[in-house]
Amino acid sequence: MADTKQTITDFYRVAGVRDFARDFQFRVQGIDGIPELSGPGDGQEEDLVYIRGASLPGRTIASHNVPYMGLQFHVPGSVSYPDSGNWSVTFYCDQKSTIRQKLERSMQTYFDDDTSTGDYRTPGAGAVITLVQLDHELDPVATYKLVGAFPTTVGAMNYSIGDGSGAPVTFDVSFSYQYWKKTSTS
């Protein structure tokens, strides 16, 4: 038998030590520096518990081909953030639509249809969404900060008046950000 450490026994041994990340061990911990969504006494912690799902964003290093004597060498280039223009969060909608209304007002500050004006300057470094990966005891494993964030889309809410079962209503929100930074806590 080959000398490999990828057998069923090895898998089970390593899984017993490292375990697995679970699909609920994640939180959006904060939204800061974005109009209407952050500030003292704004109820942000209550709003954030209504998040149904989100994702950790990706990061890509460009690979450039450099041909030499018939071979293609690959050299690293600059970084990009694939979903930085459309990072999505799904919210449950509370009974009075508090969260959705905050998001709508926030978007109105960037561009107001009534006046055709807005504060559409590039968001500063203080406009940050903080994401936290958690372990099985809900202790932070890693923290990600999406820098220069602002909301771009408040999605539709679908109701089923004729066939409704009373299920909670959700809606998606998309944010753009410039880049992310990560800090490990373990």
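Below: a short report on this structure. (Residues numbered from 1 in each chain as written. Predicted model: local features only at pLDDT ≥ 70, side-chain atom pairs only at ≥ 80, totals over all residues. Heavy atoms only, no water.)

### Notes on unusual backbone geometry
Positive phi, close to 60 degrees, is recorded for aspartate 19, a residue that is not glycine. With respect to the element layout, aspartate 19 can be found in the loop between α1 (8–18) and β1 (26–32). Judged by its relative accessible area of 38%, aspartate 19 is partly exposed. Phi is positive for leucine 138, which is not a glycine, with a value near 65 degrees. Structurally, the position occupied by leucine 138 is in the loop between β6 (128–134) and β7 (140–147). Of the residues examined, leucine 138 reaches a relative accessible area of 44% and is grouped as partly exposed. (Helix = DSSP H or I, 4+ residues; strand = E, 2+ residues; numbered from the N terminus. Buried < 20%, exposed > 50% of the residue type's maximum accessible area, 1.4 Å probe, protein only.)

### Brief notes about the layout of surface pockets
Size it by volume and the largest pocket reaches roughly 430 Å³. Lining of the largest pocket is provided by 18 residues; of these, Phe26, Arg27, Val28, Leu48 and Ile51 occupy positions nearest its centre. Only β1, α2 (44–48), β2 (51–53) and β6 provide two or more residues apiece to the lining of the largest pocket. Among the elements that make up the lining of the largest pocket, the one with the highest residue count is β1 (four residues). A class-by-class count of the residues in the lining of the largest pocket yields 11 nonpolar, three polar and four charged. In this structure, the second largest pocket occupies an estimated 280 Å³ of space. (1 Å grid on protein atoms, 1.4 Å probe; cavity = no way out; pocket = protein on both sides within 12 Å on 5 of 7 lines; lining within 4 Å. Points joined across faces, edges and corners; volume = space filled by probe spheres on them. Nonpolar A, V, L, I, M, F, W, Y, C, P; charged D, E, K, R; others polar.)

Everything listed here is a matter of coordinates, which is why it stays silent on function.
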